[in-house]
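For reference, the chains in residue letters:
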6 protein chains.
Amino acid sequence: METKEIYLESLITGTPQEGRELAIKLARKSIAAIQPDSETRKKLRSDYAEDTAQLIASSQVIATEFQTIAMANNFWK
Amino acid sequence: METKEIYLESLITGTPQEGRELAIKLARKSIAAIQPDSETRKKLRSDYAEDTAQLIASSQVIATEFQTIAMANNFWK
Amino acid sequence: METKEIYLESLITGTPQEGRELAIKLARKSIAAIQPDSETRKKLRSDYAEDTAQLIASSQVIATEFQTIAMANNFWK
Amino acid sequence: METKEIYLESLITGTPQEGRELAIKLARKSIAAIQPDSETRKKLRSDYAEDTAQLIASSQVIATEFQTIAMANNFWK
Amino acid sequence: METKEIYLESLITGTPQEGRELAIKLARKSIAAIQPDSETRKKLRSDYAEDTAQLIASSQVIATEFQTIAMANNFWK
Amino acid sequence: METKEIYLESLITGTPQEGRELAIKLARKSIAAIQPDSETRKKLRSDYAEDTAQLIASSQVIATEFQTIAMANNFWK
C-alpha cells in the first residue's frame, strides 16, 4: 500500500515557515498512505475539520513532525 | 490549503515566556491550517474551551511545540 | 488571548522536585491560556479530577513538560 | 507472541522517502505483534481506514517512528 | 495544590530496572498532584486498572517518563 | 505494586529487531505493573486485540519505548 510517489526529497527547508508547511504535508501523506483512496479521504475530511478533538489530534501530529524537521535544520539557527 | 501568511519567522525568542507564547501560537496555526475558515473556528472554539479532555489535549500540543522551541533556544541558558 | 502575566522566568530549577512542580505549573498555565476564565476553569476542575482518563492525559502533559525541563537542567547531574 | 520474522535489519535508509516507508512498516508491525492473526487484522482494517480519529492516531505513530529513523540517519544531511 | 512531600531526589538510578520503577512512581505522583485526595484516588483506581484503553494510556506516560530517566542515566551504558 | 521480577537488565540489544522486541516487552510490563493480576490481564486482552483504536494506541507506546532503546544503542550504527 506504500504510495510510489516521492513526496519527501529532503527534510531541509529554507525557513521555519517552510518547515511548518512540510510538517503539515507529512501528516497528510501519512493519512494517504493508510487510506489511499482519495475520494474516501475527501468524504472523510469534513468529519475532522469540524471536530475540535480531531483538529487538536491533527495539530499534535504536526507538532511531532515539525520537531523532527526543526532538528534536521538545526532549528534554522 | 497552506496559508500564505508568514507566521513563523524564527524559533528564537528573547525569554522562556515568549517561547510559551510562540508554542501556543504554533498550536493555533496548525488548527487554522486544517480548518481555514475563521468563522467555523470561532464557532468551534466554545466546543473545546469548556471540554476538559480537549483542553488537556491542547496543552499536550503546546508542550510538544514548546519542547522544540526550548531546544532551539538552548533552553535560554 | 495570551495572558500578560509572566509565569515562566526560567527553566532552571534547583532540584528535580522543583522541576516536577514547574512541569505541573506549565501544564496548568496552558489550560489557562486556552480557557482564560478562572470561574469556568474552577467549574471544570471537578470534571477531570475524578475522571481517570483525563487524569492520565494530564500526567502525559506533565511528563512531556518535565522532559523539557530535565533537559534544560542537564538532568540535575 | 513475538513474531519470529526479521522485519527490521537496520534503521538506515538511502533517502528520507524510504525513511517514511520504514516508519509506516514499523507502525504496522507493532499492530501485527499485538494482533498476530492476519485474518482478524484484515477484518479490522476497514474499521480504522474510514475513521478519521484512528487515521490521525495512526499518523501520530508514524510521526514518532519517523523521528527515530530520521535521528538514526542524521536527518539524511 | 503542589504536594510538599519530596518524592524525587534524583533522576539517577543504579539500574535500568530501577529506572522503570522510578518512571512508574513519577506517573503516579502526577496523578496525586492533580487529585490529592487519596480516598478518591483509591476509588478511581479500579476504573482504570480494568479498562484497557486507560492501561495503555498509562503505559504511554510511563514510556515518556522512562525516556527522560534513561537520558539522565546516559542509558546506563 | 512494583513487581519484584527483574525484566530489564539492559537497554542494549544486539540488533534493531531485538530492540523492537524489547520495546514490546517494556510496553507489556507497564501494563502488568498497573494491573498485576495476570488473570484479569488475560481477560482484558481480547478487549484491545480486536479494537483498532487500542491497537494503534499500543503501537504508539511501542514507538516511544523503541525510540529510547534506539538512542541507547546509538541506532545500531
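Conventions and cut-offs
Residue numbering note: each chain is counted from 1, following its sequence as written. Lettering of chains starts at A and numbering of ligands starts at 1, both following the order in which they are written. Side-chain atom pairs in this predicted model are given and counted only at pLDDT of 80 or more, local residue features only at pLDDT of at least 70, and totals for whole chains, interfaces and linings cover all residues. Side-chain figures throughout are based on the complete set of non-hydrogen atoms in the structure, without hydrogens or water. Think of it this way: any DSSP run of H or I at least four residues long counts as a helix, any run of E at least two long counts as a strand, and we number them from the N terminus. Categorising residues by exposure relies on relative accessible area from a 1.4 Å probe, with only protein chains included: less than 20% of the type maximum marks a residue as buried, more than 50% marks it as exposed, and the intermediate range marks it as partly exposed. Any pair of residues with heavy atoms lying within 4.5 Å of one another is described as a contacting pair. Here the open area of atoms and residues is found with the Shrake-Rupley method and a 1.4 Å probe, where only the protein chains shown may cover a residue. In this charge count, Lys and Arg are treated as positive and Asp and Glu as negative; neither His nor the chain ends contribute. The location of each charge is read from NZ of Lys, CZ of Arg, CG of Asp or CD of Glu. Axes here mean lines fitted to C-alpha atoms, for a helix over just the part in contact, with angles spanning 0 to 180 degrees between N-to-C directions. Left-handed describes a crossing whose near helix is turned anticlockwise from the far helix through less than a right angle; right-handed describes the clockwise counterpart. Think of it as three bins: nonpolar holds Ala, Val, Leu, Ile, Met, Phe, Trp, Tyr, Cys and Pro, charged holds Asp, Glu, Lys and Arg, and polar takes everything else, Gly as well. We place the copies in one frame by least squares, fitting the C-alpha atoms of every residue whose pLDDT is at least 70 in both. When two components associate, each loses some accessible surface as probed by a 1.4 Å sphere; the sum of these losses over both components is called the buried area. Salt bridge, as used here, is a side-chain nitrogen of Lys or Arg placed within 4 Å of a carboxyl oxygen of Asp or Glu. Polar contact is the term for a pair of N or O atoms within 3.5 Å; when the atoms are in protein, one must be able to donate a hydrogen and the other to accept it, and sequence-neighboring residues count only if both atoms are side-chain atoms.

Draft legend 1. Just the overall build of chain A, in detail. If you tally the helices and strands in chain A, you get three helices and zero strands. For chain A, the α and β elements follow one another from N to C terminus as α-α-α. Principal axes of the C-alpha set define a box for chain A whose edges measure 40 × 30 × 15 Å. Out of the 77 residues belonging to chain A, those deemed buried represent 58%. The long-range fraction of contacts in chain A, counting pairs at least 24 apart against all pairs at least 6 apart in sequence, stands at 59%. Looking at chain A as shown, the accessible area adds up to about 3,200 Å², and 51% of this sits on carbon and sulfur atoms. Across chain A, the centroid of the 10 positively charged side chains sits 2 Å from that of the 11 negatively charged ones.

Draft legend 2. Region of the structure containing the packing of helix α3 (residues 52-72) of chain B against helix α1 (residues 16-34) of chain C. Relative to each other, α3 of chain B and α1 of chain C sit at 115°, their axes nearing to 9 Å. You can see that α3 of chain B and α1 of chain C cross each other, and the crossing is right-handed. Contact residues: Leu55, Ile56, Ser58, Ser59, Ile62 and Phe66 of chain B in α3 of chain B; Leu26, Ala27, Ser30, Ile31 and Ile34 of chain C in α1 of chain C. Considered class by class, the residues forming the contact of α3 of chain B with α1 of chain C number eight nonpolar, three polar and no charged.

Draft legend 3. Here's a closer look at the relation of the copies chain C and chain B. Screw-axis analysis of chain C against chain B gives a translation of 0.0 Å along the axis, an RMSD of 0.0 Å, and a rotation angle of 60°. Between the two chains, the operation in question is that of a six-fold axis. Minimal C-alpha separation from the rotation axis in chain C is found for Thr64 of chain C, amounting to 7.0 Å. Interface overlap between copies: only 18% of the residues of chain C at the interface are likewise at the interface in chain B, consistent with a contact formed by different surfaces.

Draft legend 4. Quick peek at the interface of chain D and chain A. Each partner contributes residues to the interface: chain D has 27 residues there, and chain A has 33 residues. Of the roughly 2,700 Å² buried between chain D and chain A on both sides combined, carbon and sulfur atoms contribute 62%. When the buried surface of chain D facing chain A is broken down by residue, Gln17, Arg20 and Ile56 of chain D rank first, second and third, together holding 22% of it. Here Arg20 of chain D makes a salt bridge to Glu65 of chain A, at a shortest N to O gap of 2.8 Å. Inspection of the region where chain D meets chain A yields 15 residue pairs in polar contact (both at pLDDT 80 or more). Where the side of chain D that touches chain A is concerned, the elements lending two or more residues are α1 (16-34), α2 (38-49) and α3 (52-72) of chain D. Here the element with the most residues in the side of chain D that touches chain A is α3 of chain D; it accounts for 14 residues.

Draft legend 5. Examining the interface of chain C and chain B more closely. In this complex, chain C contributes 33 residues to the contact, which on the side of chain B involves 27 residues. For the pairing of chain C and chain B, the buried interface totals around 2,700 Å² over both sides, and the portion due to carbon and sulfur atoms is 62%. The interface formed by chain C and chain B includes one salt bridge. The interface formed by chain C and chain B includes 15 residue pairs in polar contact (both at pLDDT 80 or more). For the side of chain C that touches chain B, the elements supplying multiple residues, two or more each, are α1, α2 (38-49) and α3 (52-72) of chain C. The residue inventory of the side of chain C that touches chain B, partitioned by class, reads 17 nonpolar, eleven polar and five charged.

Draft legend 6. Structural detail: unusual backbone geometry. All names here are of chain E. Phi at Asn74 takes a positive value of approximately 45°, unusual for a residue other than glycine. Relative to the helices and strands, Asn74 is located in the segment after α3 (52-72). Residue Asn74 is classed as partly exposed on the basis of its relative accessible area of 43%. For Trp76, which is not glycine, the phi torsion reads 55° and is therefore positive. Judged by its relative accessible area of 18%, Trp76 falls in the buried class.

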